[in-house]
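# Structure at a glance
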Amino acid sequence: MINTSETHFNPRLGKVFPGREPNPEEIEKVEAEMQALMKRCDEIFEAAKPKLIDDYYDWYMVIEPESGDYFIDKDDKVAIQKAREKHQDTWCAVYGINETGACCRV
């Protein structure tokens, strides 16, 4: 019988970047930036939703908040790819074109 400890690697325990501890100011700054980004995306979604909901119900909408551009498609991966082609290095938010903006159903 083979001992599994001889054939499997042991996981490394510890921190990925042991010398780098995030400070509270950096964490607050990033959280504030993300909240501002999501607020801008929510505003764009709410403005575009009435125009799109009848023709594109349950499609996906990817919003780039800096420019206000949005990309829609039936497939979320295609919509994300369209956004990445035009805006490579920016954060985007994904919405479902429906009453709530949710992307999936339970």
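Residues numbered from 1 in each chain as written. Predicted model: local features only at pLDDT ≥ 70, side-chain atom pairs only at ≥ 80, totals over all residues. Heavy atoms only, no water.

### Concerning the overall build of the protein chain
Helix and strand content of the protein chain: 3 helices and 3 strands. Across the 106 residues in the protein chain, those meeting the buried criterion constitute 25%. (Helix = DSSP H or I, 4+ residues; strand = E, 2+ residues; numbered from the N terminus. Buried < 20%, exposed > 50% of the residue type's maximum accessible area, 1.4 Å probe, protein only.)

### A closer look at the packing of aromatic side chains
All told, the structure shown has 2 aromatic pairs when counted by the stated rule. Judged by centre distance (4.7 Å) and plane angle (10 degrees), the rings of phenylalanine 45 and tyrosine 95 are stacked. Remark: tyrosine 95 occurs in strand 3 (residues 93-96) and phenylalanine 45 occurs in helix 2 (residues 24-52); sequence separation between them is 50 residues. Like phenylalanine 45, the residue tyrosine 95 is buried in the burial classification. (Phe/Tyr/Trp six-rings, centres within 6.5 Å; stacked < 30°, edge-to-face > 60°.)

### Describing unusual backbone geometry
Here the phi dihedral of aspartate 58 falls at roughly 70 degrees; this positive angle occurs in a residue that is not glycine. With respect to the helices, strands and loops of the structure, aspartate 58 is situated in the loop between helix 2 and strand 1 (60-63). Among the residues examined, aspartate 58 registers a relative accessible area of 32% and is labelled partly exposed.

### Digging into a nonpolar patch on the surface
Where nonpolar side chains cluster on the molecular surface, the patch consists of Val30, Met34 and Trp91 and spans about 320 Å² of accessible area. Considering the arrangement of structural elements, one finds tryptophan 91 in the loop between helix 3 (76-86) and strand 3. (Patch = residues over 30% accessible without salt bridge, like charges linked within 9 Å, V, L, I, M, F, W, Y side chains within 5 Å. Areas by Shrake-Rupley, 256 points an atom, 1.4 Å probe, with all protein chains shown as cover. Salt bridge = Lys/Arg side-chain N within 4 Å of Asp/Glu carboxyl O.)

### A look at the pattern of salt bridges
Enumeration according to the criterion identifies 4 salt bridges in this entry. In this structure, arginine 40 and glutamate 43 form a salt bridge, with 3.8 Å as the shortest nitrogen-oxygen distance. Here glutamate 43 and arginine 40 lie together in helix 2, a separation of 3 residues that amounts to about one turn. By relative accessible area, arginine 40 is classed as partly exposed at 37%. Overall, glutamate 43 belongs to the partly exposed group, its relative accessible area being 40%. A salt bridge links lysine 86 to aspartate 69; the nearest nitrogen and oxygen atoms lie 3.1 Å apart. Note that lysine 86 is positioned in helix 3 and aspartate 69 in the loop between strand 1 and strand 2 (70-73), a separation of 17 residues in sequence.

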